[in-house]
Amino acid sequence: MYMKENGKIWLATGENRVYLEPSMANRHGLIAGATGTGKTVTLKVIAESFSDLGVPVFLADIKGDLTGMCKEGCENKHIRRSIDNMGIENFTYTPYPARFFDVYAKNGHPVRTTISEMGPELLSRLLGLNDVQSGVLRIIFRIADDNGMLLLDLKDLRMMLQFVGDNANDFKLSYGNVSAQSLGAIQRALLTLEDEGGDVFFGEPALELEDWFDWDENGRGVMNILECQELFQHPLLYSTFLLWMLSELYEMLPEAGDLDKPKIAFFFDEAHLLFNDAPKALLEKVEQVVRLIRSKGVSVWFISQNPADIPESVLGQIGNRVQHALRAYTPNDQKALRYAAKSFRENPNFDTERVLQELEVGEALVSVLDEKGVPSIVERAGILPPRSSMNIVDEFDLQREINQSKLYDKYMIMVDRESAYEILMAKYDAQQAAEQEAQEQLEAEKEELEKMKQETALDKERAKLEKEREKLEKERERLKNKAKSSSYSSSRRRRTSPVSKTINSAANTVGRELGKQLIRGLFGTLK
């Protein structure tokens, strides 16, 4: 629709038509402007143009208004005025091929990655770790990699932290010191991430970015739209997630050199979040990725309210710029306004700084690279209208689009294959079973020893009682003989002397005591 005969993308119209060179699109782009000035329309028009060109697109949908790209647009007075004023012929509304993704799996295919794939650098930023804690996390990853243990989800990482903590002395010489304080800080950061819903982001099946590279039956690139309304409530998670996607594209794609058009266009909305509070080392890597990824055929478009939100090291890599109106209510706003105006190649026909404050909704200052890579003189121009719907798709139609996607079965069901958690749990279970077996064996040996002691004591008690019995028997026999020798008989009656009665009584008492001692001894032993 917006293609000229020479293959350029018709983007905007002012005194002259502004065309975007597809071969220069991988020099990246910036769409900036205050809230409500038309950034979303510009984003949609550029994305639709890429799709018409056969370039797949990724879009972060923060407000939910990009879902309408799967539906054809409808007439309104603003679009009609643009069509008439710009002299657009044969304008037709059309839907675009779109697939929807959602980290929380509510309004799109689930989007997941694994802990191992994200890596320690991005995960440290996501967890808000300091340098020391980040170093410990790198050790954790290194130990897991060296031992062939995958870290797929948060429970894998937790188990790995426990394992390294339990064996810190064993790893100290090979990997460095791992303090309990750092491990505890990482564990607490994981709890915070879970509270923010970040646990649903890690797992399998992980998103395969190859699925973004798809086309419809007419050769138009598919719109891959990430629903971010809920994700955006957690800015750090949002920015880290998109940065991970960008780094994955960088790692996945081979060097391509100069191409006639990009392989894919990546739109990063609210791009300032990527750089807020980012450590210097991370900023250097972002700059490196932005600089090198263009040679792999990726066109990155940053969307933000002000160019000053983007570090100069990154801004210097951006060749195509669409600047909507800016407001200058404060000294800082005025400074940002001057900064934005000076970033353009000056047009002698107007004052760039003044025009930036006068632009109407849908108007912008536009500067793009020509076929030689030279920035064009800035033009005040109206952005062409989009062909797809500007309305939000209702829940029923959106769910139908999701269900009809060929990716539905691939990502909808979560799987949990063997990873660090299962491997380490098996080790801990085996260790616990061995310890339990050793404890049971020790208890059995103690019981056997106690039994032997009791039997030995019983034998001694029996021998002692037997001696006492023999002694008493001898005493009884002696007394009995003594009584016989001292007794006398009468003609009909034998009388017992008081001495004999005493002896007999003593003998009986000894006999009874002997019986009692035997009974107590036996019960005591049994007890």
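Residues numbered from 1 in each chain as written. Predicted model: local features only at pLDDT ≥ 70, side-chain atom pairs only at ≥ 80, totals over all residues. Heavy atoms only, no water.

**Brief notes about the overall build of the protein chain**
From N to C terminus, the protein chain includes 17 helices and 12 strands. In summary, the protein chain has a C-alpha radius of gyration of 44 Å against a globular reference of 24 Å for 527 residues, an excess of more than 25%. Principal-axis analysis of the C-alpha atoms gives the protein chain an extent of 165 × 45 × 45 Å. In the protein chain, which comprises 527 residues, the proportion classed as buried is 47%. Summarising the internal contacts of the protein chain: among those between residues at least 6 apart in sequence, 78% fall at separations of at least 24. Averaging the coordinates of the 68 positive side-chain charges in the protein chain and doing the same for the 83 negative ones gives two points 16 Å apart. (Helix = DSSP H or I, 4+ residues; strand = E, 2+ residues; numbered from the N terminus. Rg over C-alpha atoms; globule rule 2.2 N^0.38 Å. Buried < 20%, exposed > 50% of the residue type's maximum accessible area, 1.4 Å probe, protein only. Contact = heavy atoms within 4.5 Å. Lys, Arg positive; Asp, Glu negative; His and termini not counted. Charge placed at Lys NZ, Arg CZ, Asp CG, Glu CD.)

**Remarks on the packing of aromatic side chains**
Think of a pair of aromatic rings as described by two things: how far the centres are apart, and how the planes are tilted against each other in angle. Summed over all chains, the structure comprises 18 aromatic pairs. Centroid distance Phe163 to Phe171: 5.7 Å. Interplanar angle 65 degrees. Geometry classified as edge-to-face. Accessibility classification places Phe163 together with Phe171 in one group, the buried group. Joined through ring pairs, the aromatic side chains of Phe58, Trp212, Phe232, Tyr238, Phe266, Phe268, Phe275 and Phe302 make up one cluster. Over the ring of Trp10 we find Arg17; its NZ or CZ atom is 3.7 Å from the centre of that ring. Cation over ring: Arg220 sits above Tyr96, and NZ or CZ is 4.8 Å from the ring centre. (Phe/Tyr/Trp six-rings, centres within 6.5 Å; stacked < 30°, edge-to-face > 60°. Lys NZ or Arg CZ within 6 Å of the ring centre and 35° of its normal.)

**Thoughts on the pairing of strand β3 (residues 29-32)**
Going residue by residue along β3, you find Gly29 and Ile31 tucked away on one face and Leu30 and Ala32 tucked away on the opposite face as well. Note: β3 against strand β10 (residues 320-323), 4 bridges, orientation parallel. Residue pairing across strands places Ile31 opposite Val322, the latter belonging to β10. (Pairing = 2+ DSSP bridges.)

**Focus on the sheet that holds strand β4 (residues 57-61)**
The strand order across the open sheet formed by 12 strands is β2-β1-β12-β11-β10-β3-β9-β8-β4-β7-β5-β6, and the pairing between neighbours is mixed. Two strands in the sheet have a free side with no partner beyond their single neighbour: β2 (17-20) and β6 (109-110). Here helix α8 (residues 235-252) sits on the sheet and contacts β4, β7 (223-227), β8 (264-268) and β9 (298-304); the angle it forms with β8, its principal contact strand, is near 165 degrees. (Axes fitted to C-alpha atoms, helices over the stretch in contact; angles between N-to-C directions.)

**Notes on the pattern of salt bridges**
The full count for this structure, using the stated rule, is 23 salt bridges. Across the pair Glu208 and Lys410 runs a salt bridge, and its minimum N-O distance is 3.0 Å. Within this pair, whereas Glu208 is found in the loop between α7 (180-195) and β7, its partner Lys410 is found in helix α15 (residues 408-411), the two being separated by 202 residues in sequence. Judged by its relative accessible area of 33%, Lys410 is partly exposed. Through salt bridges with shared partners, one network takes in Arg354, Glu358, Glu363 and Arg380. (Salt bridge = Lys/Arg side-chain N within 4 Å of Asp/Glu carboxyl O.)

**Topic: the side chain of Thr352**
Considering the arrangement of structural elements, one finds Thr352 in helix α13 (residues 352-358). When neighbours within four sequence positions are excluded, Thr352 is seen to be in contact with Ala341, Phe344, Leu365 and Val378.

**What about unusual backbone geometry?**
A cis amide bond, omega 5 degrees, links Glu204 with the succeeding residue Pro205. Mapped onto the elements, Pro205 comes out in the loop between α7 and β7. A positive phi angle, near 75 degrees, is found at His28, a position not held by glycine. With respect to the helices and strands, His28 occurs in the loop between β2 and β3. Even without being a glycine, Asn90 presents a positive backbone phi close to 55 degrees. Within the secondary structure layout, Asn90 lies in the loop between α2 (77-86) and β5 (98-102).

**As for a negative patch on the surface**
A cluster of acidic residues, Glu443, Glu447, Glu448, Glu455 and Asp459, forms a negative patch on the protein surface. Within the secondary structure, Glu448 sits in helix α16 (residues 420-486). (Patch = residues over 30% accessible without salt bridge, like charges linked within 9 Å, V, L, I, M, F, W, Y side chains within 5 Å. Areas by Shrake-Rupley, 256 points an atom, 1.4 Å probe, with all protein chains shown as cover.)

Interpretation note: all reported values are geometric properties and have no functional meaning in isolation.
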